[in-house]
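Letter by letter, the chains look like this.
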Amino acid sequence: MNQLRVSVATYNQLVFPHPEHGMPMLVLERKATVLQDGSVNVRAQPFGGGVKILNPKPLEDLIGEIQFDSERSKQEQDFRVLIQPSQWEAVKQYCLLHLQDPNDPEIESAPDRELAEEFEETMGVALTRSQYAAEPLGFIVEDTPVWTENWYARGFPTVRVYRIYNVKILNAELCKLVLDISQRVSDEELGKRALESGRGRANSVIALPLERVRESFLALPAEKRFAKIEVDHHRLDESVLAVLGDVDVPQYQRM
């Protein structure tokens, strides 16, 4: 193993009470992607995304010149970098220390920017800070390297650090809009949008009962939970497990 890829991200347990019966609903981002064979892959994952490096100097002091995993990561200053395996423990501790502070000057850890961008992309909504409340839930570390599915960085074994937040939508009209889009836009419709987009992809949202999602993963043996599953005929990525704090899997070290 010559180099390790380190991916640092925030993930959000994005929830709201159902307007009619109050049941907690988990909101996930639906992604439709056109594959090389012309088929379309539609899956749901938590809202969230890559952490930006705000001040590279301290990280450079730790690992030397920063080598990003792709030109795209370099342009966006995303914390997706290549390191020597011997540097992983130091980089992990660096991330855990700085991700504790949502106002940290070295790396971005607050969920707000990614949430605003994803609400705009998936629903055309200009999200404001008054419409939701965010509370840190903890961290997840993936110490065991796995091969990345990322199109821009294939071929690198990847270790990960996630900052997890509980985000509650407070605005009643926004809750209704999320539910309306979730029910109105089917996976098939989203797939058609991806095919017609010219970019090969399209995004939307899905709202599912939080308890149903949790029970669906818990129904599987712990050693088999880290997998894509279907809930209400929607395919959920294994990354959804990151925002289900009481569902244990061997791959995640929760802190």
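Notes on the structure follow. (Residues numbered from 1 in each chain as written. Predicted model: local features only at pLDDT ≥ 70, side-chain atom pairs only at ≥ 80, totals over all residues. Heavy atoms only, no water.)

**Some points on unusual backbone geometry**
- One non-glycine residue, Asp232, adopts positive backbone phi at about 50°.
- Along the chain, the position of Asp232 falls in the loop between strand S9 (229-231) and strand S10 (234-236).
- Residue Asp232 is classed as partly exposed on the basis of its relative accessible area, which comes to 34%.
- At His233, a residue that is not glycine, the phi angle is positive and equals roughly 70°.
- Relative to the helices and strands, His233 is located in the loop between S9 and S10. (Helix = DSSP H or I, 4+ residues; strand = E, 2+ residues; numbered from the N terminus. Buried < 20%, exposed > 50% of the residue type's maximum accessible area, 1.4 Å probe, protein only.)

**Details of the pattern of salt bridges**
- On inspection of all chains with the given rule, the structure shows 22 salt bridges.
- The shortest N-O distance in the salt bridge between Lys176 and Glu173 comes to 3.9 Å. With Lys176 and Glu173 both in helix H5 (residues 172-184) and three residues apart, this pair spans about one turn of that helix.
- Take Glu173: its relative accessible area is 55%, and that puts it in the exposed class.
- Beyond isolated ion pairs, a larger network of salt bridges with shared partners links Arg43, Lys228, Asp237 and Glu238. (Salt bridge = Lys/Arg side-chain N within 4 Å of Asp/Glu carboxyl O.)

**Notes on the environment of Val8**
- For Val8, the position within the fold is in strand S1 (residues 4-17).
- For Val8, the contacting residues outside a window of four places in its chain are Gly50, Val51, Phe79, Cys95, Leu99 and Val161. (Contact = heavy atoms within 4.5 Å.)

**Observations regarding the pairing of strand S8 (residues 201-209)**
- Of all nine residues that make up S8, eight are buried, and the element is covered over most of its length.
- Pairing of strand S2 (residues 24-34) with S8, which is carried by nine bridges, proceeds in the antiparallel orientation. What sits directly across from Thr33, in S8, is Arg201. (Pairing = 2+ DSSP bridges.)

**Observations regarding the nonpolar core**
- With 27 residues, the main nonpolar core has Phe16, Phe119, Ile169 and Val178 as its most contacted residues.
- Taken together, the elements giving at least two residues each to this core come down to S1, S2, strand S3 (40-50), helix H4 (112-123), strand S7 (157-169), H5, helix H6 (187-196) and S8.
- Considering every element that reaches this core, the biggest residue donor is H5, with five residues.
- Not counting residues up to four positions away in its chain, the partners in contact with Ile169 are Leu14, Val15, Phe16, Phe119, Gln131, Tyr132, Leu174, Cys175 and Val178.
- Tyr162, Val231, Ala242 and Val249 belong to the second largest nonpolar core, which has 25 residues in total. (Core = buried A, V, L, I, M, F, W, Y, C linked by side-chain atoms within 4.5 Å.)

**Comments concerning the packing of aromatic side chains**
- Going through the model one piece at a time under the given rule, you end up with four aromatic pairs.
- A centroid spacing of 4.9 Å and a plane angle of 20° characterise the contact between Tyr11 and Tyr162, whose relative ring orientation is stacked. Of this pair, Tyr11 sits in strand S1 while Tyr162 is found in strand S7, placing the two residues 151 residues apart along the sequence.
- Overall, the relative accessible area of 11% leaves Tyr11 in the buried class.
- For Tyr162, a relative accessible area of 5% translates into the label buried.
- Measuring from ring centre to ring centre gives 6.2 Å for Tyr162 and Tyr252, while their planes differ by 80°; the resulting arrangement is edge-to-face. Here Tyr162 is found in strand S7, whereas its partner Tyr252 is found in the loop between S10 and strand S11 (253-254), with 90 residues between them in sequence. When sorted by exposure, Tyr162 lands in the same class as Tyr252, which is buried.
- Ring pairing ties together the aromatic residues Tyr11, Tyr162, Phe226 and Tyr252, which thus form one cluster.
- Directly above the aromatic system of Phe139 lies the positively charged group of Arg163, at a separation of 4.2 Å from the ring centroid.
- Sitting over the ring of Tyr165, Arg163 keeps its end group 5.5 Å from the ring centre. (Phe/Tyr/Trp six-rings, centres within 6.5 Å; stacked < 30°, edge-to-face > 60°. Lys NZ or Arg CZ within 6 Å of the ring centre and 35° of its normal.)

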